[in-house]
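# Coordinate analysis (summary)
Take a look at the letters that make up each chain.
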There are 2 protein chains.
Amino acid sequence: MSKAFEQLQPYLEKAQAFQTAKVLFEWDNETLAPKTAGAATSKVVGTLSAEYFSVITDEKVSRLVEECRKEALNPVEEAIVRELEEEMEKLECIPAGEYREFAQLTSEGTRIWAEARKEKDFERFAPTLKKLVEYTKKFASYRAKEGQKLYDVLLDDYEKGFDMKTLDEFFGTLKEQLVPFLKNLVESGVKIEDGFLTGDYKEEDQEAIGRFLAEYVGFDFDRGVMAVSAHPFTTNLHNKDVRITTSYNDHVDDSLFSVIHESGHAIYEMGIPDELTQTLVGQGASMGMHESQSRFFENIIGRNEAFWIPVYGTLQSRFPSQLGHVTMEQFVKAINKVEPSLIRTQADELTYSLHVLIRYEIEKMLIEEGLDVEELPKVWADKYEEYLGVRPKDVAEGVLQDIHWSQGSFGYFPSYALGSAFGAQFYAYMKKHMDFEGLLKRGEISVIREFLRQHIHQYGKLKTSRQMLKDMTGEDFNPQYYIDYLTEKYTKLYGLTEA
Amino acid sequence: MSKAFEQLQPYLEKAQAFQTAKVLFEWDNETLAPKTAGAATSKVVGTLSAEYFSVITDEKVSRLVEECRKEALNPVEEAIVRELEEEMEKLECIPAGEYREFAQLTSEGTRIWAEARKEKDFERFAPTLKKLVEYTKKFASYRAKEGQKLYDVLLDDYEKGFDMKTLDEFFGTLKEQLVPFLKNLVESGVKIEDGFLTGDYKEEDQEAIGRFLAEYVGFDFDRGVMAVSAHPFTTNLHNKDVRITTSYNDHVDDSLFSVIHESGHAIYEMGIPDELTQTLVGQGASMGMHESQSRFFENIIGRNEAFWIPVYGTLQSRFPSQLGHVTMEQFVKAINKVEPSLIRTQADELTYSLHVLIRYEIEKMLIEEGLDVEELPKVWADKYEEYLGVRPKDVAEGVLQDIHWSQGSFGYFPSYALGSAFGAQFYAYMKKHMDFEGLLKRGEISVIREFLRQHIHQYGKLKTSRQMLKDMTGEDFNPQYYIDYLTEKYTKLYGLTEA
């Protein structure tokens, strides 16, 4: 080990410990903590954040990084130093006072957003959102390279190598091909019956089947736990402690597919090797790559007819009165039903990326084109009407539905659509090299999982998503796979005539 | 605020944050964390401990404390500085390397102890225990004042002002009066039927009634949570996040009374004022005072016939087949049944302190009289035979039953008996000033709780337990109240002739 790198270790360990503690507090807050704990616990988390900030921006760290640059590093060390440098760059340029103010603002912001959404009152959140946009632009401007656009700075945080130029093309293709395809599908008048997915599905039965499915797709309960929270999410302390949540309502498919989705995230983190976990490169490569895995498990595996062949009987026997009379074919159609709707997280696979497209266009307008926050509800509603043919009746089902902006996350949304597109490209490649549907039919998901582990999970952050895509498929990112996947799947499912 | 005290704040906040994070990791480890998480998570906790150590022993902190001593402090500041000094004194004299080794040893020790207990193999744990005793003596010797005995140093950590001199007298009185009383009771031949407490008590029903009782005695579920762990415990992040656990088996009284016991601990921590929480004086005054509250709720309140008058019907209707035919009188006798037994945590109220007496005598022999660790199983068994008339058939139900020594806690046990004695003294005083049993009969526990809050909880660590005892009852600690309470209660319950 290089000497300077060795000297960096105690700092890296501290940063890791503070970060891991914050993850645990966040998990605890979402799943268990008592109602009134918020303010006092925030103080603790604030201190841990400040300690993290001060380790990363410690000038000794900066000196050691410089020295590392002069010594011979192995590839893992090299990657760790690179990640550290990026983190330093991100934090160092922000004055500590502004960092604290922003942290405070996002913590309050989330609370105010939640109230505003509950009251369906955009005005309540607008002043905070305005400040959040201002801070975000200011922080991005500190970091922007010569001539770099601010929104590109933000996009780069979540997905390296995917700037507005690439995304304009990506979303442009989606809009051009999927909007008319969707219109055509809706106008075909084909109706899919899915009423049986809603009903008296008992929580304990949903939980039991959720645990069964999580394990079935590869979630290792020796290395993870599953709990309940208002919104499903995945988090991890390290590769041997990965946690997912779900929530239960009377639509059984909501919990089933959220569990499979979060299991996809979890399997990614469980696949990080021991040598990388608890280091700066010991996590999924990017938000987009993470979504590629979760959405791959949810949709390409979980909504695949072949997937249900070995397990539909198990589901039926858990819910005999609700599903006993429903054939597997009817069930698979129902879980793939397309219905242009208002809420992203409940969207079907086809319309999902159009929800993301809308957010991308709006974020660009906010950050780059000076869109006034006050205009947001109208712009939002107009775009939904144009692309999806539906219009929100209030801001709760419109512009206030997502938590992201209240947390100061701008530039995150595109990852959701990119992830889906990455997944479709993987799928196209994998189908050429393995009998994908045959494996699902025989319940051999481990073969698919192992393939993903070898080509993606095991690298952590050693490679960018774009590089992994190229190394696996031999091709650069190509969104056409995604569009072809969707149009073929739904043409068949809806019995449409090929365009 | 004094200037030096103000400058201390960031250090105190950091120490508090690291400590709180450790508490959360510990809670998580006991209640939820996946099986395999241990090693990697320990690394994080180790780093947080080291950071705590380095804040407390920072020489800037030491300088600021000196300056504080020259300035005018208010009583709360004064107490905080005093606690900080004690913590500094405890840590500073230990070389950082030895501190780390000891931390490692206790972490391994707990694992080895658990294995040894499982295998009923004392030899497996003996070498570790020997090292733990050596370290404990060494650390105590670093801190011992001129002429101070090592065991007194340890005792002082858990209960200020209760050294061997006081405890010899305390335990001597117990031995002298309770051992013959117990013998007399056992020989009376009176039998109490309690078979109905064991049976098919469903976990979900035990949980429901546990939650009901916790709330009934004053546990505030807006400020706390209840979960499951192998051994019941209470912990808290601050006064608005206090957590208890219990465990369920087929003896329904185990979970009922562990919930009431832990609620007693929790109510203490919920009663700490906002001004003190998250400071060094924002917790219960001592282990003994904590046990006084938990055992007060468990025994003096919870095993009191008057307590069950308003709620026994609720219990019966939750368990109609098990308790429907059992009268309240029969139930109250059963939960107070005396049976000399081997396991401290399952002991009845009368024999409990004799279990503690044995541990006190043995710890004294280990720390002060050079007792060889190898002799422990025999010494243990002999004392059980002498005081309780029962002899363990193996080390699992003998010397290996408690976790404390494996964690390096020596001097902790006496607190359990002291706490019971404090509680009896409070009770004697309270009965003179309120219609205690009348309040219980009418379900007005809040009056009792409020009294305890005013006289004890609200002070946190501002006063010592001994001072609070004096300020409330006007008397110094007097163990006779405890003995009188026990002998009166059990004379009546067993229909014995007064001695």
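One numbering rule holds for all chains: residues counted from 1, following each sequence as written. Just so you know, chain letters begin at A and ligand numbers begin at 1, following the order they were written in. Only residues with pLDDT of at least 70 are given local features in this predicted model, and only at 80 or more are side-chain atom pairs given and counted; all residues enter the totals for whole chains, interfaces and linings. Side-chain numbers come from the whole structure's heavy atoms, not from hydrogens or water.

## What to know about the overall build of chain A
A count of helical and extended segments in chain A gives 22 helices and three strands. Atoms counted for the radius of gyration: C-alpha only. Globule rule: 2.2 Å times residue count to the power 0.38. Its C-alpha atoms give chain A a radius of gyration of 23 Å, within 12% of the compact-globule value 23 Å for 499 residues. Dimensions of chain A along its principal axes, counting C-alpha atoms only, are 65 × 50 × 50 Å. Exposure categories follow from relative accessible area, calculated using a 1.4 Å probe and restricted to protein chains: below 20% of the type maximum is buried, above 50% is exposed, and the middle band is partly exposed. When the 499 residues of chain A are sorted by exposure, 57% land in the buried category. We call two residues in contact whenever any of their non-hydrogen atoms come within 4.5 Å of each other. A separation of at least 24 residues holds for 73% of the contacts in chain A among residues at least 6 apart in sequence. Here, Shrake-Rupley sampling with a 1.4 Å probe gives the accessible areas, and only protein chains in the shown set may cover a residue. Total accessible area on chain A stands at roughly 20,800 Å², and carbon and sulfur atoms take up 48% of it. Secondary structure elements are taken from DSSP: a helix is a run of H or I of four residues or more, a strand is a run of E of two residues or more, and numbering for both begins at the N terminus.

## What to know about the sheet that holds strand 3 (residues 241–246) of chain B
Residues and elements named next belong to chain B. At least two bridges found by DSSP between two strands is the condition for calling them paired. Spatial ordering of the open sheet is given by 1-3-2, a layout of three strands whose pairing is mixed. Looking along the sheet, the strands with just one partner apiece sit at the ends: strand 1 (224–228) and strand 2 (234–238). Each strand of the sheet is rotated relative to its neighbour by a mean of 20°, with strand direction disregarded. With axes taken as lines fitted to C-alpha atoms, and helix axes fitted only over the stretch in contact, angles between N-to-C directions fall between 0 and 180 degrees.

## Remarks on the nonpolar core
Side-chain atoms within 4.5 Å link the members of a nonpolar core, which is a set of buried Ala, Val, Leu, Ile, Met, Phe, Trp, Tyr and Cys residues. Grouped together as the largest cluster of nonpolar side chains are 127 residues, with contacts concentrated most on Phe307 and Trp308 of chain B. Ranked by residue count, the leading element in this core is helix 16 (residues 349–368) of chain B, at eleven residues. In contact with Phe307 of chain B, other than residues within four places in its own chain, are Leu213, Tyr216, Val217, Ile260, Ile301, Gly302, Leu440 and Ile445 of chain B. Judged by nonpolar contacts, the second largest core, of 126 residues, contains Val338, Phe422, Met430 and Phe436 of chain A.

## A look at the relation of the copies chain A and chain B
All copies are superposed by least squares; the fitting set is the C-alpha atoms of residues with a pLDDT of at least 70 in both. Of the two same-sequence chains, chain A is brought onto chain B (RMSD 0.1 Å, axial shift 0.0 Å) by a rotation of 180°. The operation mapping one copy onto its partner corresponds to a two-fold rotation axis. When each C-alpha of chain A is compared by its distance to the rotation axis, Ala21 of chain A comes out closest, at 3.1 Å. A share of 100% of the interface residues of chain A reappears at the interface of chain B, consistent with the copies meeting face to face through the same patch.

## Description of the interface of chain A and chain B
On the chain B side, the residues contacting the 34 residues of chain A number 34 residues. Computed with a 1.4 Å rolling probe, the buried area is the accessible surface lost when two parts are put together, summed over both parts. Of the roughly 3,000 Å² buried between chain A and chain B, counting both surfaces, carbon and sulfur atoms make up 66%. We count a salt bridge whenever a side-chain nitrogen from Lys or Arg sits within 4 Å of a carboxyl oxygen from Asp or Glu. Connecting chain A to chain B are six salt bridges. Residue Lys35 of chain B is joined to Asp222 of chain A by a salt bridge in which the shortest nitrogen-to-oxygen separation is 3.3 Å. Polar contacts, as used here, are pairs of N or O atoms within 3.5 Å; protein pairs need one atom able to donate a hydrogen and one able to accept it. Residues neighboring in sequence count only if both atoms are side-chain atoms. Linking chain A with chain B are eleven residue pairs in polar contact (both at pLDDT 80 or more). Of all the secondary structure elements, the ones that give two or more residues to the side of chain A that touches chain B are helix 1 (3–31), helix 2 (38–56), strand 1 (224–228), strand 2 (234–238) and strand 3 (241–246) of chain A.

## A closer look at unusual backbone geometry
All names here are of chain A. Positioned with a positive phi, Lys120 is a non-glycine residue whose angle comes to about 55°. The topology assignment puts Lys120 in the loop between helix 5 (96–119) and helix 6 (122–143). Judged by relative accessible area, which is 47%, Lys120 ranks as partly exposed.

## Comments concerning the side chain of Ser229 of chain B
Residues and elements named next belong to chain B. Tracing the backbone through its elements, the reader meets Ser229 in the loop between strand 1 and strand 2. The class for Ser229 is buried, based on a relative accessible area of 5%. A polar atom in the side chain of Ser229 sits 2.7 Å from the side chain of Thr245. Excluding anything up to four places from it in sequence, Ser229 contacts Glu30, Thr31, Thr245, Thr246 and Ser247.

## Quick notes on the sheet that holds strand 2 of chain A
Residues and elements named next belong to chain A. One open sheet accounts for three strands, arranged 1-3-2; its pairing is mixed. The sheet is open, and its two edges are formed by strand 1 and strand 2, each paired on a single side. Across the sheet, the mean angle separating the axes of adjacent strands is 20° when strand polarity is ignored. Sheet topology places strand 1 next to strand 3; five bridges connect them, and they run parallel. Bridge pairing in strand 3 places Ala227 opposite Thr245. Strands in contact with helix 10 (residues 252–270) are strand 1, strand 2 and strand 3; relative to strand 3, the strand with the most contacts, it is inclined by about 165°.

## Digging into the environment of Thr245 of chain B
All names here are of chain B. With respect to the helices and strands, the residue Thr245 is situated in strand 3. The sequence separation of Thr245 and Glu159 amounts to 86 residues, and the corresponding C-alpha distance is 25 Å. If sequence neighbours within four positions are ignored, Thr245 has contacts with Trp27, Thr31, Ala227, Val228, Ser229, His231, Pro232, Phe233 and Glu262.

## Remarks on a positive patch on the surface
Residues forming no salt bridge and having over 30% relative accessible area are the ones grouped into patches, like charges within 9 Å of each other and nonpolar side chains (Val, Leu, Ile, Met, Phe, Trp, Tyr) within 5 Å. Under the convention used here, Asp and Glu are negative, Lys and Arg are positive, and both His and the chain ends fall outside the count. Charged side chains are reduced to one point each, which is NZ for Lys, CZ for Arg, CG for Asp and CD for Glu. Judged by side-chain charge, Lys60 and Arg63 of chain A together with Lys60 and Arg63 of chain B come together as a positively charged surface patch. Elements with a contribution of two residues or more to the positive patch: helix 3 (59–70) of chain A together with helix 3 (59–70) of chain B. Here Arg63 of chain B shows up in helix 3. Classification of Arg63 of chain B by relative accessible area gives partly exposed; the value is 46%.

## Considering the confidence of the model for chain A
Detailed reading of the predicted coordinates is not advisable wherever pLDDT is low. pLDDT measures how confident the predictor is about each residue, on a scale from 0 to 100. On average, residues of chain A score 95 in pLDDT, and 100% of them reach the 70 mark or higher. Predicted as a complex, the structure gets a pTM of 0.93 and an ipTM equal to 0.92.

## Thoughts on the pairing of strand 3 of chain A
All names here are of chain A. Where burial is concerned, most of strand 3 is hidden: six out of the six residues are buried. Burial of strand 3 is two-sided: the residues Asp241, Arg243 and Thr245 facing one way and the residues Val242, Ile244 and Thr246 facing the other way are all buried. Bridge count for strand 2 against strand 3 is four bridges, and the pairing is antiparallel. Bridging across to strand 3, Thr235 finds its partner in Arg243.

## Details of helix 15 (residues 328–335) of chain B
All names here are of chain B. Residues Met328, Phe331, Val332, Ala334 and Ile335 constitute the buried set of helix 15. Take helix 15 and look down its axis: the buried residues cluster within an arc of 160°, on one side only. Buried residues along helix 15 sit in contact with helix 10 (252–270), helix 12 (305–308) and helix 13 (312–318). By definition, the arc is the one covered by directions from the helix axis to the C-beta atoms.

## A word on the side chain of Thr491 of chain A
Structurally, the position occupied by Thr491 of chain A is in helix 22 (residues 480–493). Reaching out from Thr491 of chain A, the side chain makes a polar contact with the backbone oxygen of Thr487 of chain A at a distance of 2.5 Å.

## Some points on the pattern of salt bridges
Counted by the stated rule, this structure contains 76 salt bridges over all chains. Among the ionic pairs, Arg69 of chain A bridges to Glu78 of chain A, the shortest N-O distance being 3.0 Å. Given the relative accessible area of 36%, Glu78 of chain A is considered partly exposed. A salt bridge links Glu85 of chain B to Arg69 of chain B; the nearest nitrogen and oxygen atoms lie 2.7 Å apart. Of the two residues, Glu85 of chain B is situated in helix 4 (residues 75–92) and Arg69 of chain B in helix 3; the sequence distance between them amounts to 16 residues. Because the salt bridges share partners, they merge into one network encompassing Arg82, Glu83, Glu86 and Lys160 of chain A.

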